[in-house]
Amino acid sequence: MRLLVTGGLGFIGSNFIRHWISQHSKDQITNLDKVTYAANPDNLTDLDSNSNYRFIKGDICDQSVVDQLMSNIDLVVNFAAETHVDRSIDDPLLFVKTNVLGTYTLLKSALKHKIKHFHHISTDEVYGTIDHETKDEFSETTPFDPTSPYAAYKASADHFALSFFKTYDLPLTITNCSNNYGPYQNPEKFIPRVITNLLTNKKIPIYGKGENLRDWLYVDDHCRAIETVIEHGKVGETYCIGGLKEACRNIDIVKKILKIMGKSENLIKYVTDRPAHDNYRVSWKKIKEDLAWEPQESLDSGLEKTIDWYQKNQDWWKKAKIEAENFYQKLDNYKNLK
Ligand code: NAD
Ligand code: TDX
């Protein structure tokens, strides 16, 4: 099989490509990535000598590049996106282009080239926020009610994708996953930010009271879930993916990390909350019951592996860490002006 994977130099995309090649060594993968600040070209250097893997630097919004690569492809897996909620609050327009127009460009080209399967990667954030006090969960039937600009553009892309199935019969599946963590995640995101702050003797900024809920999934489990949906999912269907039986408060994640790293809770610093800060809890009953997928990694073991990886791979994150903290500094200055 010949795959076009977009955004494969980012966090989940690079883990997915490595996973897919390990399970389907004869398949050919083309990785189309624009190499934004979020990408790290070192993520897949271990595949440099693999003749079944090739990297193309390019933009999913560029119709001619996309059309050129789409010929002779069987399966498209679309990871490419602007992914950071705080950046979407700072600069929403950037997100419209990649997350909406880029997805549309891929869908249009996939249709033109009669692609056998298009798998679109999305997020549980499209569903908005659950009530903190109740036991409500997002599921495939929850109406979209996005809160941040990031989530709004992901929701828009999901609608476009489904419309291409409904209107033009493009064979398509979608997965809406909860928060991922694990190796190769940009240190702008919460868990790697906490770990790398502790490794560089900085305090841990917690938004608001640290009570917001997230459902965390180890990235390898997400990659297996995507593979399962691609291989056994029903065309036209959406599958929610999550990792925990009980959603977890941010403060509880921080305390777990502090404990594993042997650091003091005095390092916690409560900072101004994110606007429209939401809560997620996702049901992964459908993918479990219909496709027999469930997470293999526990939160404790996944966090231990992740901390170990960031401890051992400081050269990988040092540059991205400076970039991320510069962004947060700019965001703080902006907040102080308001
Ligand atoms: P990431 O930010 O680590 O990587 C995104 C990648 O996309 C980067 O390599 C970047 O260079 C590339 N990219 C951005 N714009 C592009 C463009 N116009 N053309 C080509 N490439 C472009 O993201 P991630 O965390 O790996 O997320 C991947 C996908 O999974 C996204 O669609 C995201 O919405 C979704 N998702 C992420 C999570 C999570 O917790 N990280 C959870 C659920 C869903
Ligand atoms: O410094 C921080 N302090 C803090 O308290 C940061 C960076 C985050 N937080 C909080 C905000 C969230 O409640 O931690 C939680 C997780 O934050 P992020 O890592 O920014 O992730 P989130 O906003 O939940 O979005 C993520 O999950 C869904 C990904 O970035 C999205 O791409 C994905 O779709």
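Reference entry: report on the structure contained in this document. These numbers were taken from a predicted model, which means no experiment stands behind them.

Around ligand 2, a shell composed of 20 residues is seen, among which Glu125, Tyr150, Arg214, Arg274 and His277 lie nearest. A distance of 2.9 Å is found between an oxygen atom of ligand 2 and a backbone nitrogen or oxygen belonging to Thr83. Those elements that provide at least two residues to the shell around ligand 2 are helix 6 (190–199) and strand 8 (204–207). Per-element tally for the shell around ligand 2: the top contributor is strand 8, with three residues.

Moving on, we get to the nonpolar core. Counting residues in each nonpolar core, the largest one holds 48 residues, and the members touching the most others are Phe16, Val77 and Ile257. Once residues within four sequence positions are removed from consideration, Ile257 is found in contact with Ile191, Val194, Ile195, Leu198, Leu303 and Ile307. Judged by nonpolar contacts, the second largest core, of 19 residues, contains Ile73, Val76, Ile115 and Phe118.

Mapping His119 onto the fold places it in strand 5 (residues 117–123). Judged by its relative accessible area of 0%, His119 falls in the buried class. Expressed as a C-alpha distance, the spacing of His119 and Lys330, which sit 211 residues apart in the sequence, is 36 Å. Not counting residues within four places of it along the chain, the set of residues in contact with His119 comprises Val76, Val77, Asn78, Thr173, Ile174, Thr175, Ile226, Val229 and Ile230. Polar contacts involving the side chain of His119 include one to the side chain of Thr173, which spans 2.8 Å.

Taken together, 28 residues are adjacent to ligand 1, and Ile12, Asp33, Thr83, Tyr150 and Lys154 come closest. The separation between an oxygen atom of ligand 1 and a polar main-chain atom of Phe11 is 3.0 Å. Within the contact set of ligand 1, a nitrogen atom lies 3.1 Å away from a backbone nitrogen or oxygen of Lys34. Here ligand 1 has 840 Å² of accessible area as a free molecule, and 96% of this is covered by the chains. Contributions of two or more residues to the shell around ligand 1 are made by helix 1 (11–23), strand 5, helix 5 (149–168) and strand 7 (179–181).

Bringing the pairing of strand 8 into the picture now. Alternating residues of strand 8 divide into Ile204 and Ile206 and Pro205 and Tyr207, and every residue in both groups is buried. Two strands pair when backbone bridges link them, and strand 8 and strand 13 (residues 268–271) are joined in this way by four bridges, in the parallel orientation. Bridge pairing in strand 13 links Tyr207 to Val271.

As a further point, take the packing of helix 4 (residues 92–112) against helix 5. The N-to-C vectors of helix 4 and helix 5 enclose an angle of 15°; their axes lie 9 Å apart at closest approach. Regarding the angle of helix 4 to helix 5, the classification is roughly parallel. Considering only the axes of helix 4 and helix 5, their crossing is right-handed. Of helix 5, the residues touching helix 4 (which contributes Pro92, Phe95, Val96, Asn99, Val100, Thr103, Tyr104, Leu107, Lys108 and Leu111) are Pro149, Tyr150, Tyr153, Lys154, Ser156, Ala157, Phe160, Ala161, Phe164 and Tyr168.

Here the focus is a negative patch on the surface. Residues Asp131, Glu133, Asp136, Glu137 and Glu211 make up a contiguous surface patch of negative charge. Inspection of the secondary structure puts Glu133 in the loop between strand 5 and helix 5. On the accessibility criterion, Glu133 (70% relative accessible area) is exposed.

A word on the packing of aromatic side chains. Aromatic rings considered in pairs are described by the distance between their centres and by the relative angle of their planes. In total, this model carries 19 aromatic pairs according to the counting rule given. Between Tyr181 and Tyr218, the aromatic rings sit 5.5 Å apart at their centres with planes inclined by 70°, giving edge-to-face as the arrangement. Taken together, the residues span a long stretch of sequence, with Tyr181 in strand 7 and Tyr218 in strand 10 (residues 216–218) at a distance of 37 residues. Assigned by exposure class, Tyr181 and Tyr218 land together as buried. Members of the aromatic cluster, each reached through a chain of ring pairs, are Tyr104, Phe160, Phe164 and Tyr168. Positioned over the ring face of Tyr239 is Lys286, at 4.6 Å from the centre of the ring. Residue placement shows Lys318 over the ring face of Trp317; its charged tip is 5.4 Å from the ring centre.

What counts, and at which threshold
Residues numbered from 1 in each chain as written. Chains lettered and ligands numbered in written order. Predicted model: local features only at pLDDT ≥ 70, side-chain atom pairs only at ≥ 80, totals over all residues. Heavy atoms only, no water. Near = heavy atom within 4 Å. Polar contact = N/O pair within 3.5 Å; in protein donor to acceptor, adjacent residues only side chain to side chain. Helix = DSSP H or I, 4+ residues; strand = E, 2+ residues; numbered from the N terminus. Core = buried A, V, L, I, M, F, W, Y, C linked by side-chain atoms within 4.5 Å. Buried < 20%, exposed > 50% of the residue type's maximum accessible area, 1.4 Å probe, protein only. Contact = heavy atoms within 4.5 Å. Areas by Shrake-Rupley, 256 points an atom, 1.4 Å probe, with all protein chains shown as cover. Pairing = 2+ DSSP bridges. Axes fitted to C-alpha atoms, helices over the stretch in contact; angles between N-to-C directions. Parallel < 35°, antiparallel > 145°, perpendicular 65-115°, else oblique. Left-handed = near helix turned anticlockwise from the far one by under 90°. Patch = residues over 30% accessible without salt bridge, like charges linked within 9 Å, V, L, I, M, F, W, Y side chains within 5 Å. Salt bridge = Lys/Arg side-chain N within 4 Å of Asp/Glu carboxyl O. Lys, Arg positive; Asp, Glu negative; His and termini not counted. Charge placed at Lys NZ, Arg CZ, Asp CG, Glu CD. Phe/Tyr/Trp six-rings, centres within 6.5 Å; stacked < 30°, edge-to-face > 60°. Lys NZ or Arg CZ within 6 Å of the ring centre and 35° of its normal.

Purely spatial values, then, with no claim about function.
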